[in-house]
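Next come the chains, spelled out residue by residue.
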Amino acid sequence: MGPVWGQPHGANEPQWMGTRPRVQAERMGTDEQESEHPIVPTKAGNRGRRDPLEGRGCRNMQLLEGKMADRSTSESVSTKQQRIATLAEQMPEKVLRSVAHYIDHDWMREAHARTRKDGAAGVAANLDKELEQLLNEAKSGSYRAPPVRRAYIPKRDGSQRPLGIPAYRDKVLQRAIVMAVEPIYEVEFYDFSYGFRPGRSAHDALQRLRDQLWEMQGGWVLEVDISKFFDTVDRQCLRDIIRQRLVDGVVVRLLGKWLNAGVLEGGVLTRNDRGTVQGGVISPLLANIYLHEVLDKWWSTEVQPRLRGKAFVVRYADDFVIGFSDAEDARRVQEVLPKRFAKYGLTLHPTKTRLVDFRRPGRGESKSGTFDFLGFTHYWAKSRKGRWVPKQKTARDRLRRAAGDIKAWCQRYRHTPVSYQARRLGSKLTGHYRYFGITGNWRSLAQLYELAKAIWYRWLCRRSQRARLNGPAYQRLLTRHPLPKPQAYRSHYRLPANA
């Protein structure tokens, strides 16, 4: 049986506010655009020690030789991506006309390898033929983007977040386009942007935030929340922003098809003129490109040079915070930020966007406040040496959600074998520890560990009327089937000295 490719699975404003770009695609051959020219090294270059797309250090932009017989497909694709990045860095103010010619059969195989296979039964059968057909459809313009299937996940305020689940065939092609477009923008994105970028993680964003707060010894923190970001993105504005840098016909055409594909929910197809589908492979890159223009570039070129004190931004996708050492700077930015975002069709949540007095205790007139970012509550506390330091602990709503998930699982699977329950509960706790297990958060981890033991005990006692356990019996059961104890997987004390 062939692969199931088409089915979805699983008034006056300050000058530094800037203006909204409306750049239209220009005709071929104008002075503002540059055609890509073939770059051939005079000598066969050696592969750089650090891949620029992995984020493990400075970029090595030496031109590399093309695919060789003894090189793997992944290496060939990496070499092509490095060439695209080199071209983008050499022409920072120019519009690139063509990157789609890099996408070939080996590129598609690599995109398939990087795509999750959940629910994609039979994708290995006739793989080369299917990939070749998909590539031909994309380049000829005959590809039709199928609608995405709607799914919902709960949010912390009790509402539901809509997600879009594209077909596996669509995900492979989106991954191929991401691999071609990402190197262009990686040379433009600022260092304070962390969301869905190669070699960067939420823990890196949290570490940068902690370091910046420690360096400034606190200050005022503007906690920002964009209301329904993925549902309110101005598509025409997004296209104009992309055309400032890229006018490749194949890429631009595919992006337009994905934006207009529509959503299938309950057998009903709906299409909107705004927003991008959250959950697709291409969505995080489009979000970074949009917010790079809306926030990052504006902050770096227009706002920060006009501030009196120190300030910083840490952004992870559509979640970001801004820190200030001067209160007047914070109030000015808080006043102008909604107007800036309104130019691009975005709105800030009126209650979740707030200014927090986060000065170190002893420096302010009142007690230092707290704020949440990326699932952690940030606050001031004393270290073992008695100094005030910024710390991070699991946010209360995240802890409550984790405990609720464990309770729902134990209730549903209380009649399964105890050994199976122990393994699955251990996996859930370990997954929680791997994200929230950072230095200074041991108490929150221990709290969830104790809650998990209590919840499991309660539902084991309700397996039947005669299955109630007493304390000693439950302790013996925990000895035979222990749950993983709290562990700080991101501990500062275990990092190497030259990390």
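Here the structure is shown first, and the text comes after it.
Residues numbered from 1 in each chain as written. Predicted model: local features only at pLDDT ≥ 70, side-chain atom pairs only at ≥ 80, totals over all residues. Heavy atoms only, no water.

## Quick look at the overall build of the protein
Step number 1: Looking only at helices and strands, one finds 14 helices and 13 strands in the protein.
Step number 2: Split into buried and exposed, the 499 residues of the protein put 48% on the buried side.
Step number 3: Carbon and sulfur atoms make up 48% of the accessible area of the protein, which totals about 25,800 Å². (Helix = DSSP H or I, 4+ residues; strand = E, 2+ residues; numbered from the N terminus. Buried < 20%, exposed > 50% of the residue type's maximum accessible area, 1.4 Å probe, protein only. Areas by Shrake-Rupley, 256 points an atom, 1.4 Å probe, with all protein chains shown as cover.)

## Comments concerning the side chain of Asp296
Step number 1: For Asp296, the position within the fold is in helix H9 (residues 283-303).
Step number 2: Contacts of Asp296, omitting those with residues within four sequence positions, involve Tyr190, Phe192, Ser193, Leu291 and Arg315. (Contact = heavy atoms within 4.5 Å.)

## Structural notes on helix H3 (residues 127-140)
Step number 1: Between its first and last C-alpha atoms H3 spans 20 Å; for 14 residues at 1.5 Å apiece the expected length is 20 Å, and the two agree.
Step number 2: Within H3 the residues assigned to the buried category are Leu127, Glu130, Leu131, Leu134, Leu135, Glu137 and Ala138. Down the axis of H3, the buried set is contained in an arc of 165°. They therefore lie on one face. Exposed side chains of H3 directed beyond 90 degrees from the buried face belong to Lys129 and Ser140.
Step number 3: In the core, the buried residues of H3 are packed alongside helix H2 (105-113), helix H4 (168-186) and helix H8 (249-259).
Step number 4: One or two steps after H3, the chain reaches Gly141, where phi turns positive at roughly 90°. (Expected span 1.5 Å × (residues − 1). Arc of directions from axis to C-beta.)

## Observations regarding the sheet that holds strand E9 (residues 319-324)
Step number 1: Overall, antiparallel pairing links the four strands, which are arranged E8-E9-E5-E10 in an open sheet. Among the strands making up the open sheet, the edge pair consists of strand E8 (311-316) and strand E10 (354-359). Going from strand to strand, the sheet's axes swing by 20° on average, the running direction of each strand aside.
Step number 2: Seen against the sheet, helix H10 (residues 327-342) touches strand E5 (218-225), E9 and E10 and runs at an angle of roughly 150° to E9. (Pairing = 2+ DSSP bridges. Axes fitted to C-alpha atoms, helices over the stretch in contact; angles between N-to-C directions.)

## Focus on the packing of aromatic side chains
Step number 1: For the structure shown, the criterion picks out 17 aromatic pairs.
Step number 2: Ring centres of Tyr190 and Phe192 lie 5.6 Å apart, and the angle between their planes is 10°; this geometry places the pair in the stacked category.
Step number 3: Tyr190 gets classed as partly exposed once you look at its relative accessible area, which sits at 24%.
Step number 4: By the ring-pair criterion, three or more aromatic residues cluster together here, those being Phe229, Phe230, Tyr290 and Tyr344.
Step number 5: Above the ring of Tyr194, the side-chain terminus of Arg200 is found at 4.8 Å from the ring centroid.
Step number 6: Sitting over the face of the ring of Tyr379, Lys393 holds its NZ or CZ atom 5.1 Å from the ring centroid. (Phe/Tyr/Trp six-rings, centres within 6.5 Å; stacked < 30°, edge-to-face > 60°. Lys NZ or Arg CZ within 6 Å of the ring centre and 35° of its normal.)

## Points about the nonpolar core
Step number 1: Grouped together as the largest cluster of nonpolar side chains are 80 residues, with contacts concentrated most on Tyr290, Trp299, Leu337 and Phe341.
Step number 2: The contact partners of Phe341, leaving out residues within four places of it in the chain, are Ile226, Leu291, Val294, Leu295, Phe320, Leu346 and Leu348.
Step number 3: Grouped together as the second largest cluster of nonpolar side chains are 45 residues, Tyr194, Val314, Cys410 and Tyr474 included. (Core = buried A, V, L, I, M, F, W, Y, C linked by side-chain atoms within 4.5 Å.)

## Thoughts on the pattern of salt bridges
Step number 1: Following the criterion strictly, the structure yields 19 salt bridges and no others.
Step number 2: Across the salt bridge formed by Arg245 and Glu188, the nearest N and O atoms sit 2.1 Å from each other. Taken together, the residues span a long stretch of sequence, with Arg245 in the loop between helix H7 (235-243) and H8 and Glu188 in the loop between H4 and helix H5 (202-216) at a distance of 57 residues.
Step number 3: Judged by its relative accessible area of 4%, Arg245 falls in the buried class.
Step number 4: Counted as one network, the salt bridges with shared partners bring together Asp191, Arg200 and Arg208. (Salt bridge = Lys/Arg side-chain N within 4 Å of Asp/Glu carboxyl O.)

## Points about the packing of helix H11 (residues 396-412) against helix H12 (residues 418-436)
Step number 1: Running from N to C, H11 and H12 cross one another at 170°; their axes reach a closest spacing of 11 Å. The orientation of H11 with respect to H12, classified from their angle, is roughly antiparallel. Handedness of the crossing formed by H11 with H12: right-handed. From H11, Arg398, Ala402, Ile406, Trp409 and Cys410 reach across to H12, where they touch Tyr420, Gln421, Arg424, Leu425, Lys428, Leu429, His432 and Phe436. (Parallel < 35°, antiparallel > 145°, perpendicular 65-115°, else oblique. Left-handed = near helix turned anticlockwise from the far one by under 90°.)

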